[in-house]
Amino acid sequence: MKQFKEKHINDFSKKELEKLGAQGQLIDVRTPEEYELNHINGATLHPVDEIASFNTDKNKTYYIHCKSGNRSAKASEYLSEQGYDVVNLDGGFKAFEEKYLNHDALDENTNVEIKNDRKKFNYSGLQCPGPIVNISKEVKAIDVGDQIEVKVTDFGFQNDIKSWVNQTGHTLVSLKKSENEINAVIQKEKPKDMEVSHSAKGTTIVLFSGELDKAVAAMIIANGAKAAGRDVTIFFTFWGLNALKKNQSVHVKKKGIAKMFDLMLPKTPVRMPLSKMNMFGLGNIMMRYVMKKKNVDSLPSLIDQAIDQDIKLIACTMSMDVMGIQKEELRDEVGYGGVGTYIGDTEKASHNLFI
């Protein structure tokens, strides 16, 4: 049972967090490599793998954070069991960075005024990469300083457009999301120097295959790369989306072609077929038996490890729509996006795989 308190990191201002850091109460449990790349001023580094060595004043309250909240929850649970008063900061450095440091990722640039003469386009019903492709075409046709407004129903567009403006140098003036659509205003800027700056720390993987052995291989590579200090993104598209399904089958009412797909696709990741010697599913059973006997982690276990390591898991929303797969069927930790989101990450990576 959880014995610690929990708050979202953005319940605190940047100034409040830095004050906690100065008082020795803000504990960063990420890796030294992550801390070195960027951290909250004053935060004390104490990696979660070394949390057993934490030994300090128990009369203070300690505020624990990692990248998103998974590792800090583990550290908070351990420290609370040792008698410390701790607060797990949900959202972690990722949420802090998006709000206070990573201005490219902010939902909107409030310093730019929305213009009355902006052109408006409705891309409702258009799936990835349609909205981004059309926006690119329309932005090329207007002058620097002019704006366009778009309406999009693909929910992956929210991340795609932020990544796209970051790559192109245009300004995201406004980004609003309602229950059924996303509305964005983009302003054209002078062409950005598109020289790519690769990072030795980046690995991106496209998992297209819906076969168990290939999905396991992808997750092993991803977890290994993350353990080696790389930033890892996996983009799950078409048949690869089956790997992200919850371990327990979720009943979702479907009709037409979506229902036909549902009948043909595996209900859970462990039911995915093999690429060779599947033998009507017998090969899958044999493979899982051998993996267990040889102490090879199962696919769900490998994905759990990826989540614990804060590997970025992105489900392709266009593929979801084509195959009739709904959010309720996929793991809660999954992010959603399209080709724009993936390309934004590949631009920063030096290691790209298609499986």
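See above for the structure.
Here's a quick rundown of the structure. (Residues numbered from 1 in each chain as written. Predicted model: local features only at pLDDT ≥ 70, side-chain atom pairs only at ≥ 80, totals over all residues. Heavy atoms only, no water.)

**Concerning the sheet that holds strand β9 (residues 182-187)**
In step 1: Reading across the sheet, the four strands line up as β6-β7-β9-β8 and stay open at both edges, with mixed pairing between neighbours. Looking at strand neighbours, the two that pair on one side only are β6 (119-123) and β8 (171-177), the edges of this open sheet. Taken pair by pair, the neighbouring strands of this sheet meet at an average axis angle of 15 degrees, ignoring direction.
In step 2: Across six bridges, the pairing between β8 and β9 is antiparallel. Across the sheet, Thr 171 pairs through a bridge with Gln 187, a residue of β9.
In step 3: Strands in contact with helix α6 (residues 157-168) are β7 (147-152), β8 and β9; relative to β8, the strand with the most contacts, it is inclined by about 175 degrees. (Pairing = 2+ DSSP bridges. Helix = DSSP H or I, 4+ residues; strand = E, 2+ residues; numbered from the N terminus. Axes fitted to C-alpha atoms, helices over the stretch in contact; angles between N-to-C directions. Contact = heavy atoms within 4.5 Å.)

**Quick look at the side chain of His 170**
In step 1: Counting through the fold element by element, His 170 comes out in the loop between α6 and β8.
In step 2: A distance of 3.0 Å separates the side chain of His 170 from the backbone nitrogen of Glu 189, its partner in a polar contact.
In step 3: In contact with His 170, not counting residues within four places along its chain, are Val 139, Trp 164, Val 165, Ile 186, Gln 187, Lys 188 and Glu 189. (Polar contact = N/O pair within 3.5 Å; in protein donor to acceptor, adjacent residues only side chain to side chain.)

**Brief notes about the pattern of salt bridges**
In step 1: Per the counting criterion, the structure on display carries nine salt bridges.
In step 2: Between Arg 118 and Glu 149 there is a salt bridge; the shortest N-O distance is 2.4 Å. Placement of Arg 118 in the loop between α4 (92-101) and β6 and of Glu 149 in strand β7 is noted, with a sequence separation of 31 residues between them.
In step 3: The partner of Lys 214 in a salt bridge is Glu 211, with the nearest N and O atoms 3.2 Å apart.
In step 4: On the basis of relative accessible area, Glu 211 is assigned to the partly exposed category, the value being 22%. (Salt bridge = Lys/Arg side-chain N within 4 Å of Asp/Glu carboxyl O. Buried < 20%, exposed > 50% of the residue type's maximum accessible area, 1.4 Å probe, protein only.)

**Things to note about the sheet that holds strand β2 (residues 26-28)**
In step 1: The five strands are arranged β1-β5-β4-β2-β3 in an open sheet whose pairing can be described as parallel. Lying at the two open borders of the sheet, with one neighbouring strand each, are β1 (5-8) and β3 (44-45).
In step 2: Pairing geometry for strand β4 (residues 61-65) and strand β5 (residues 85-90), over four bridges, is parallel. Bridging from a neighbouring strand, Thr 61 pairs with Asp 85 of β5.

**A few points about α6**
In step 1: Here α6 spans 16 Å end to end across 12 residues, near enough to the 16 Å set by a 1.5 Å rise per residue.
In step 2: Counting buried positions along α6 yields 10 of 12 residues, so the element is predominantly enclosed.
In step 3: Buried within α6 we find Phe 157, Gln 158, Asp 160, Ile 161, Lys 162, Ser 163, Trp 164, Val 165, Gln 167 and Thr 168.
In step 4: Elements in contact with the buried residues of α6: α5 (130-140), β7, β8, β9, β13 (335-337) and α12 (339-346).
In step 5: Just downstream of α6 lies Gly 169, where phi reads positive at about 90 degrees. (Expected span 1.5 Å × (residues − 1).)

**Concerning the packing of aromatic side chains**
In step 1: Taken as a whole and judged by the stated rule, the model has nine aromatic pairs.
In step 2: Geometrically, the ring pair formed by Phe 54 and Tyr 62 is edge-to-face, given 5.5 Å between the ring centres and 85 degrees between the ring planes. An identical accessibility class is assigned to Phe 54 and Tyr 62; each is buried.
In step 3: Between Phe 121 and Tyr 123 the ring centres are 6.2 Å apart and the planes differ by 10 degrees, which places this aromatic pair in the stacked class.
In step 4: By relative accessible area, Tyr 123 is classed as buried at 9%.
In step 5: Following the ring pairs from residue to residue traces out a cluster consisting of Phe 54, Tyr 62 and Tyr 84. (Phe/Tyr/Trp six-rings, centres within 6.5 Å; stacked < 30°, edge-to-face > 60°.)

**Some details on the packing of α5 against α6**
In step 1: Packing of α5 against α6 brings their axes to within 10 Å, and their N-to-C directions diverge by 40 degrees. The orientation of α5 relative to α6 falls into the category oblique. Between α5 and α6 lies a crossing whose hand is right-handed. Where α5 approaches α6, its residues Pro 131, Ile 132, Ile 135, Ser 136 and Val 139 are matched on the opposing element by Phe 157, Asp 160, Ile 161 and Trp 164.
In step 2: Partitioning the contact of α5 with α6 into residue classes produces seven nonpolar, one polar and one charged. (Parallel < 35°, antiparallel > 145°, perpendicular 65-115°, else oblique. Left-handed = near helix turned anticlockwise from the far one by under 90°. Nonpolar A, V, L, I, M, F, W, Y, C, P; charged D, E, K, R; others polar.)

**A word on the pairing of β7**
In step 1: Of all the six residues making up β7, five are buried; the element is thus mostly covered by neighbouring parts of the structure.
In step 2: The pairing of β6 with β7 spans five bridges and is classified as parallel. The residue bridging Lys 120 from the neighbouring strand is Glu 149, located in β7.
In step 3: One ladder, built from six bridges, connects β7 with β9; its direction is antiparallel. Each bridged residue has a counterpart across the sheet, and for Glu 149 the counterpart in β9 is Val 185.

**Describing the nonpolar core**
In step 1: By size, the foremost hydrophobic cluster in this structure holds 33 residues, and its most contacted members are Met 219, Ile 234, Phe 236, Ala 243, Leu 299, Leu 313 and Ala 315.
In step 2: Put simply, the parts of the chain that give this core at least two residues each are β10 (199-207), α7 (212-227), β11 (231-236), α10 (299-308), β12 (312-316) and α11 (317-323).
In step 3: The element best represented in this core is α7, accounting for seven residues.
In step 4: Contact partners of Leu 299, with chain neighbours within four places excluded, come to Leu 212, Ala 215, Val 216, Met 219, Ala 243, Pro 269 and Met 272.
In step 5: Counting residues in hydrophobic clusters, the runner-up holds 17 residues, among them Tyr 123, Val 150, Val 152 and Phe 157. (Core = buried A, V, L, I, M, F, W, Y, C linked by side-chain atoms within 4.5 Å.)

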